[in-house]
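Chain and residue survey
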Amino acid sequence: MASWPKTLDRAGITDPALRRDYTAQRQLVARYARAEYTAVRLLLPAPLVPDVLAATAFMHHSDNLIDQGPAGERVAALADWESRVHAALKSGEAEEPVLRTLLDTLSRRPQLRQYVEDFLAGAPLEVRTTGFATEHDFQHYIDGYSLPAFLLIACLLVDGAPTAPYVAGCRTFIEASQRLDFLNDLAEDLAAGRLGLTEELLARHGLTRTGLAGKDRAAVEGFRALLVDQARQIRSGLSASYGLVELVPARNRPFVRALVTIQGLTLRAAARKGTGLLDDSARPQVAAALRVLAREYAAARRGRDRGAAVDGAAPEAAEKA
């Protein structure tokens, strides 16, 4: 893994002020998403790393604005932020480091612009959503918010504009991941007055939001069956998501494979925790996650070394390409 200064060099980021901005975004992502940050640093080619971190930091900053406080305040914060982002996109200039790095990334990865627009357009849906009546409502949320948010990063993993099959594969993955997140974060969401499980699904298992929050005996038994139902559906979606690996360039395949595999580990942990999810989230075993990262890091190194051999250049030169 290249050092951070060398990573910036290989990405062609030489301006001292921009290097400081990217470093600030790197630190932000490392603080709030350590596992994801580690995967990006270990598994993606150095020239791509700052761009993925910049897009991730932008998504996190935006999400924070609409995830805290009363709905009215979040709507106002979103409107102000959207105005500032659009002004930056139009002028090519910004005061906030998170936007300066986003603009610089756009200069190398123009495919990102459309997904920034789509993400902002879908953000009001996130503000308004406290639950879903039906599966149709959940699917609307995936299309309107979850998929555009994921594509902020996923669009950077391919060369040029994402193809229709790639976007479809991303949707399969993010639907399974969102189901898993809502299931795994059940206790936290209930405490915050939010629920990602549909009323339709609850009714099918004889459950109510109030019963789940109260954790009465009937709710615990019903949730046990619901967990089996949802785990089966999530597992199927994650299994299909491995098709994404073949839709990205070889240099990015270890990262995509690790992304899907670690979600599978999280699902396994959630299934093991069972009705304990009514009290707290599950986390994948650290040792298992580290084994995945180590295996994929070795695969990434082999791939880069093979590329260098074909080109008749040193591995470091291959990473600059």
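Treat the numbers as computed from the prediction; the structure is a model and nothing was measured.

A tally of helices and strands in the protein yields 16 helices and zero strands. What you see for the protein is a C-alpha radius of gyration of 21 Å, in line with the 20 Å of a compact globule of 321 residues. Each principal axis of the C-alpha atoms in the protein carries an extent, and together these give about 65 × 45 × 35 Å. Expressed as a percentage of its 321 residues, the buried residues of the protein come to 50%.

This brings us to the packing of helix α5 (residues 71–91) against helix α7 (residues 112–128). Running from N to C, α5 and α7 cross one another at 170 degrees; their axes reach a closest spacing of 10 Å. One way to sum up the angle between α5 and α7 is to call them roughly antiparallel. Within the contact between the two elements, α5 uses Ala71, Arg74, Val75, Leu78, Trp81, Glu82, Val85, His86 and Leu89 and α7 uses Arg113, Val116, Glu117, Leu120, Ala123, Pro124 and Val127. Of the residues in the contact of α5 with α7, the class split is eleven nonpolar, one polar and four charged.

Gaps left between atoms show up when a probe the size of a water molecule is rolled over them. For the structure shown, the criterion picks out two cavities of 30 Å³ or more. Looking at the second largest cavity, its volume works out to about 40 Å³. Phe150, Ala154, Leu157, Tyr166, Cys170, Leu244, Val248, Val256 and Leu259 are the residues that line the second largest cavity. Counting residues per element, the ones that place at least two in the lining of the second largest cavity are α8 (135–154), α9 (164–184) and α14 (253–273). Considering only residue class, the lining of the second largest cavity consists of nine nonpolar, no polar and no charged.

Here the focus is the side chain of Ser62. With respect to the secondary-structure elements, Ser62 resides in helix α4 (residues 49–65). For Ser62, a relative accessible area of 4% translates into the label buried. One polar contact links Ser62 to Trp81, side chain to side chain, over a distance of 2.8 Å. Apart from residues lying up to four places away in sequence, Ser62 is in contact with Trp81 and Phe119.

Okay, the nonpolar core next. Counting residues in hydrophobic clusters, the biggest one holds 98 residues, and the most contacted among them are Phe58 and Val116. If near-sequence neighbours (up to four positions away) are discounted, Phe58 is found in contact with Trp81, Val85, Val98, Leu99, Leu102, Val116, Phe119, Leu120 and Leu152.

A few words on α8. The end-to-end C-alpha distance of α8 is 25 Å, clearly below the 28 Å that 20 residues give at a rise of 1.5 Å each. Within α8, 14 of the 20 residues are buried, leaving the element largely enclosed by the surrounding structure.

On to unusual backbone geometry. Despite not being glycine, Lys215 shows a phi value in the positive range, around 55 degrees. Along the chain, Lys215 turns up in the loop between α12 (209–214) and α13 (217–241). Under the relative-accessibility criterion, Lys215 is labelled partly exposed at 38%.

Let's shift gears to the pattern of salt bridges. Summed over all chains, the structure comprises 21 salt bridges. Residue Arg84 is joined to Asp80 by a salt bridge in which the shortest nitrogen-to-oxygen separation is 2.9 Å. One end of the pair, Arg84, and the other, Asp80, are both in helix α5, four residues apart, so they sit about a helical turn from each other. We classify Asp80 as partly exposed; its relative accessible area is 41%. With its nearest N and O atoms 2.5 Å apart, the salt bridge here joins Glu135 to Arg179. Here Glu135 is found in helix α8, whereas its partner Arg179 is found in helix α9, with 44 residues between them in sequence. Via salt bridges that share partners, Glu135, Asp143, Arg171, Glu175 and Arg179 belong to a single interconnected network.

Each value, and the rule that gives it
Residues numbered from 1 in each chain as written. Predicted model: local features only at pLDDT ≥ 70, side-chain atom pairs only at ≥ 80, totals over all residues. Heavy atoms only, no water. Helix = DSSP H or I, 4+ residues; strand = E, 2+ residues; numbered from the N terminus. Rg over C-alpha atoms; globule rule 2.2 N^0.38 Å. Buried < 20%, exposed > 50% of the residue type's maximum accessible area, 1.4 Å probe, protein only. Axes fitted to C-alpha atoms, helices over the stretch in contact; angles between N-to-C directions. Parallel < 35°, antiparallel > 145°, perpendicular 65-115°, else oblique. Contact = heavy atoms within 4.5 Å. Nonpolar A, V, L, I, M, F, W, Y, C, P; charged D, E, K, R; others polar. 1 Å grid on protein atoms, 1.4 Å probe; cavity = no way out; pocket = protein on both sides within 12 Å on 5 of 7 lines; lining within 4 Å. Points joined across faces, edges and corners; volume = space filled by probe spheres on them. Polar contact = N/O pair within 3.5 Å; in protein donor to acceptor, adjacent residues only side chain to side chain. Core = buried A, V, L, I, M, F, W, Y, C linked by side-chain atoms within 4.5 Å. Expected span 1.5 Å × (residues − 1). Salt bridge = Lys/Arg side-chain N within 4 Å of Asp/Glu carboxyl O.

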